[in-house]
Amino acid sequence: MIFEIENKTIHASDAGQGIDPKKQTIVFLHGSGLSHIVWSLTEQFFSNKNFNVLSIDLPGHGNSDGPCLDTIEKIADWLESVFKKLQLKNLILVGHSQGCLEILEYAFKYKSRLTKIVLVGGSNKMPVHPDLIELANNGDSDAVKLMMKWGYEGSKKFIGGNPVEKIIQSPRDISEVLAVDLNACNNYSNGLEATKVLDLPTLLIFGELDKMINLDAGKKFSNLVKNSSTHVIKGCGHMIMIEKAFEMREKILEFLIK
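Before going into details, it helps to say that this report is about the structure given with it. None of these values were measured; they are calculated from a predicted model. Counting starts from 1 at the beginning of each chain's written sequence and moves along it residue by residue. Given that the model is predicted, a residue must reach a pLDDT of at least 70 before its local features are reported, and side-chain atom pairs must reach 80 or more before they are shown or counted; all residues, however, enter totals for whole chains, interfaces and linings. Note that the side-chain values use all heavy atoms of the structure and ignore hydrogens as well as water.

### Observations regarding the packing of helix α1 (residues 40-48) against helix α11 (residues 245-257)
- Angles shown run from 0 to 180 degrees and are taken between the N-to-C directions of axes, each axis being a line fitted to C-alpha atoms and, for helices, limited to the stretch in contact. Going along the chain from the N terminus, every DSSP run of H or I of four or more residues is numbered as a helix, and every run of E of two or more is numbered as a strand. Where α1 meets α11, the axes come as close as 11 Å, and the angle between the chain directions of the two elements is 40°. Every pair of crossing elements has a handedness; the one defined by α1 and α11 is right-handed. Along the contact surface, α1 presents Leu-41, Thr-42, Phe-45 and Phe-46, while α11 presents Met-248, Arg-249, Glu-250, Ile-252, Leu-253 and Leu-256. The hand of a helix crossing depends on one turn: near helix anticlockwise from the far one by less than a right angle means left-handed, and clockwise means right-handed. Residue contacts follow a heavy-atom distance rule, with two residues in contact if any of their heavy atoms lie within 4.5 Å.

Shown next as structure tokens:
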């Protein structure tokens, strides 16, 4: 699906099915430096389960025109403009990592448009290691190597190559996309306040071996979220939707249909 927001072309994958007003709509939000590609198998799964699906490339990411938005607050407001443009209501938001911060801020401002939310590998705050920020700001490819080192369980191998490397390919991708996202995460300060007022049905999914949002921090966060349930995926790092997609999808489906 291609549409325009503020004279910028925006891409959102809808599994080729469009939006049926008779169905519930799930919106998937990617993490820092990434794109809709990370949700490809997941969106197809839920499309086959009779949901509308929409996996959005944020400005400057994937197939969407830039520049990137440099704060979580701006992204939340931008998402509201997208949902107004597409006339979407009664939404289910599913976010990974940075996408979880975006959901918290969006729900804080625009809760009436939502029915349920799913936070995958997320928390109410995401401080980023200064070494990673410095590398990303400089467009250094070692930033991507650090992301993969911290983002996956052990030395996980991928047939056809690591998907993160396929999305973040150039110094421009690192300095103008990844770095902007990492700084936005690092600078976001409203997460605790947003969490305090959150009362929507919420599912939190964590990776047992996540080095970016370690399990202790994840559990502390989950204790702050009212009306929530938590699932921990064993043997899994931060990139849950890639490492353990099957278990993640099944748990989300169980949450949505109960």
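### Some remarks on unusual backbone geometry
- A cis amide bond links Gly-66 to the next residue, Pro-67, at an omega of 5°.
- Its location among the elements puts Pro-67 in the loop between β4 (52-56) and α2 (72-85).
- A positive phi angle, close to 50°, is found at Glu-6, a residue other than glycine.
- Relative to the elements of secondary structure, Glu-6 occurs in the loop between β1 (2-5) and β2 (8-13).

### Focus on the environment of Thr-25
- Relative to the helices and strands, Thr-25 resides in strand β3 (residues 25-29).
- Not counting residues within four places of it along the chain, the set of residues in contact with Thr-25 comprises Ile-19, Asn-52, Leu-88, Asn-90, Leu-91 and Ile-92.
- In this structure the side chain of Thr-25 is engaged in a polar contact, spanning 3.1 Å, whose partner is the side chain of Asn-52. Counted as a polar contact is a pair of N or O atoms within 3.5 Å, where, for protein atoms, one must be capable of donating a hydrogen and the other of accepting one, and residues adjacent in sequence contribute only when both atoms are in side chains.

### Some words on helix α7 (residues 171-187)
- Working rule for helices: expected span equals 1.5 Å times residues minus one. The terminal C-alpha atoms of α7 lie 22 Å apart, and with 17 residues this matches the ideal 24 Å at 1.5 Å per residue to within 8%.
- What the bend at a residue measures is the angle between two axes, fitted to the seven residues ending there and to the seven starting there. The largest bend along α7 reaches roughly 35° and is located at Leu-178.
- The rule is simple: take the accessible area with a 1.4 Å probe, protein chains only, and divide by the maximum for that residue type; under 20% is buried, over 50% is exposed, in between is partly exposed. The set of residues buried in α7 consists of Asp-173, Ile-174, Val-177, Leu-178, Ala-179, Asp-181, Leu-182, Ala-184 and Cys-185.

### Remarks on the pairing of strand β5 (residues 91-96)
- Taking burial as the measure, the 6 residues of β5 include 6 buried ones, the bulk of the element.
- On β5, burial covers both faces: Leu-91, Leu-93 and Gly-95 on one face and Ile-92, Val-94 and His-96 on the other are all buried.
- When DSSP finds two or more bridges between a pair of strands, those strands are recorded as paired. By the bridge criterion, 5 bridges tie β3 to β5 in an arrangement that is parallel. Note that in β5 the partner of Phe-28 across the bridge is Val-94.
- Examined bridge by bridge, β5 and strand β6 (residues 114-120) share 6 bridges and lie parallel to one another. Looking at β6, one finds that Leu-93 is bridged to Ile-117.
- For the crossover from β5 across helix α3 (residues 98-110) to β6, the handedness is right-handed. For crossovers, right-handed means that the path from the first strand over the helix to the second runs clockwise, given strands pointing away from the viewer.

Just distances and angles here, no functional claims.
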